[in-house]
Amino acid sequence: MKKAWWKESVVYQVYWRSFYDSDGDGYGDLEGVIHKLDYIQQLGVDVIWLNPVYGSPDKDNGYDISDYNIIMEKAGTMEAWEKLLEEVHRRGMKLIMDLVVNHTSDQHPWFLESRSSTHNPKRDWYIWRDGKNGKAPNNWRSYFSPSTWEWDELTGQYYFHSFAVEQPDLNWENAELREEIYKMMRYWLDKGIDGFRLDAIALLAKPKDFPDAENPQDIRYLTNNPGLHTFLQEMNARVFKDYDILTVGEAAFVGPEEGLKYVAEDRHELHTLFHFEVCDEMPDWDMLRFKSIQRRWYEGLWGRGWNSQFLNNHDHTRQVTRYGNDGQYRVESAKLLATMLHTLPGIPYIYQGEEIGMTGVEFPAIEDYDDIAMKNKYAEEVGKGRDPAEVLQSLKALSRDNSRTPMQWDDSEHAGFTKGTPWIKVNPNYKEINARRDVNDPHSIYTYYQKLISLRKHHEVMVYGEYEDLTPHDEHLYVYTRRLEDITWLVMLNHSDRPHSFAWPAGYEMRSRQLILANYGDDVKEEEPLPVVTLRPHEARIYQIG
């Protein structure tokens, strides 16, 4: 097993517009991130992942880039960004930037030129097609709208967009475009950043003939098309190989076999990836399905490529609400989920607020939401004649805004996020759930995260240890081992609102064991070795086995 700094890292995601507002305009900003760097450092993480801060009209919260080489006014200035990078490095942490190269904003100068004339030199930097039988070129739908095609009156053709109409896709078949992208990547890397999280990277390659889909609702046809890995290998050869960095690819509709193509160390593409067999394809907690996903990815990647572990981010409902119990057992459940993610094979990611057990939110009206995907879907369904209240209720659970509410720093107005009016409402439970309370509590979720991260830094078994699931058919208990040479750690999780018992397998029941960490704290008794252990609701324990 090749060792690398990024394999041993824990990543903390900063969704800056909801992190901390330094100037009272209601939006978090780079100065706000700088102000809270000590909080992140004290958690113990190694890498900060910063969501897009480039020039943007902000139709999709910065994922519609109009200028790759400047900083969005809402976020701050280039001077503030440079100060942030300096302060991150001064604290011994690293910074990776979220980068979108599948598409740009429709306000990007490249697209404005491309749109100006069918003969413009940049026309082929985007994807333009004639209509078919008076309609769009095919029947594909995009992530954010009913069609991937938008009619352009000026030039009499359609342009292609995998997401919003304001986000036209780039044509990666154009070598001149690719060189501009690589030049831009080198610009940021030469500034000293430590890598990229590459948004929607599985979408770069498109089928040459854009055939109609048999089932347009199943949008897998947007991803993993022939030619994709040629682009990624070229990207690595032209850029990544010259820097000691971390590269993370967001890859939807990818299983272990396809995923290995992205991250196999002998293929020279990316270091690791986000797959979405959990967050996108498992709507509610399903223990047996989750175990199966973990097993397949471990068997597919172990020893050849590296995985990532996460249950929420800026696009997915907060993990303790979606996959845990955010009521009676919120604290225990949040700690259990953390234990699981930090002890499974792969890089663990922490989404801001996860470390204090922030929960998802349900707003009463569509006007309270900002999520462009949700709003477009709401308008589409209401336009079909469906009851607006019913549509809103159906969309609430998986709205991206569930995880985008402001960071809850304290119990003051707006949770201490801003002195102005927040761009999106704060979760009303901020008086009970906030960072000030957790940081000062030795039994808090935040303190528990500190302990987990510290364990990872001091015990390589958490990083490089082999994995074995001891309870593959149990719907509530998840018990597994990590082994490295003569060291064995055993993780016991009761993902349930009721107590459940675990019978030690043959060969384990009489072996000595040392309790390393438990989410019920000092209340765990150091029992003599026994054949059966009973775990309380949402109890998690880590043992070292003698």
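Described below are features of the structure shown in this document.

What counts, and where the lines are drawn
- Residues numbered from 1 in each chain as written.
- Predicted model: local features only at pLDDT ≥ 70, side-chain atom pairs only at ≥ 80, totals over all residues.
- Heavy atoms only, no water.
- Helix = DSSP H or I, 4+ residues; strand = E, 2+ residues; numbered from the N terminus.
- Buried < 20%, exposed > 50% of the residue type's maximum accessible area, 1.4 Å probe, protein only.
- Contact = heavy atoms within 4.5 Å.
- Areas by Shrake-Rupley, 256 points an atom, 1.4 Å probe, with all protein chains shown as cover.
- Lys, Arg positive; Asp, Glu negative; His and termini not counted.
- Charge placed at Lys NZ, Arg CZ, Asp CG, Glu CD.
- Phe/Tyr/Trp six-rings, centres within 6.5 Å; stacked < 30°, edge-to-face > 60°.
- 1 Å grid on protein atoms, 1.4 Å probe; cavity = no way out; pocket = protein on both sides within 12 Å on 5 of 7 lines; lining within 4 Å.
- Points joined across faces, edges and corners; volume = space filled by probe spheres on them.
- Nonpolar A, V, L, I, M, F, W, Y, C, P; charged D, E, K, R; others polar.

The secondary structure content of the chain amounts to 15 helices and 20 strands. Taken over the C-alpha atoms alone, the chain extends approximately 80 × 50 × 50 Å along its principal axes. Counting across all 546 residues of the chain, residues that qualify as buried make up 61%. Considering only contacts within the chain whose residues lie at least 6 apart along the sequence, 69% involve residues at least 24 apart. Total accessible area computed for the chain in this model is approximately 21,400 Å², and 48% of it derives from carbon and sulfur atoms. Considering the chain, the positive charge centre built from 62 side chains and the negative charge centre built from 90 side chains are found 2 Å apart.

Next up on the list: the packing of aromatic side chains. Throughout the structure, instances matching the rule amount to 44 aromatic pairs. Taking the centre distance of 6.3 Å and the plane angle of 65 degrees together, the rings of W504 and Y543 count as edge-to-face. Of this pair, W504 sits in the loop between β17 (500–503) and β18 (513–518) while Y543 sits in strand β20 (residues 540–545), and the two are 39 residues apart along the sequence. Judged on exposure class, the residue W504 and its partner Y543 are both buried. Each member of the aromatic cluster is reached from another via a ring pair, and the members are W285, F290, Y298, W302, W306, Y323, Y464, Y467, Y478 and Y480.

Our focus in this paragraph is the layout of surface pockets. Gaps between atoms show up when a probe of the same size as a water molecule is rolled over them. Counted as a void, the largest pocket has a volume near 1,200 Å³. Lining the largest pocket are 43 residues, and of these Y143, F144, D280, A373 and R400 lie nearest its centre. Residue assignment for the lining of the largest pocket shows that the elements contributing at least two residues are α11 (372–383) and α12 (388–396). With 5 residues, the single largest contributor to the lining of the largest pocket is α11. Partitioned by chemical class, the residues of the lining of the largest pocket number 18 nonpolar, 11 polar and 14 charged. In this structure, the second largest pocket encloses a volume near 310 Å³. Together, 18 residues line the second largest pocket, and W6, N236, E265, H268 and H271 are the ones closest to its centre. The residue makeup of the lining of the second largest pocket, split by class, is 8 nonpolar, 4 polar and 6 charged.

The values are spatial; any link to function lies outside them.
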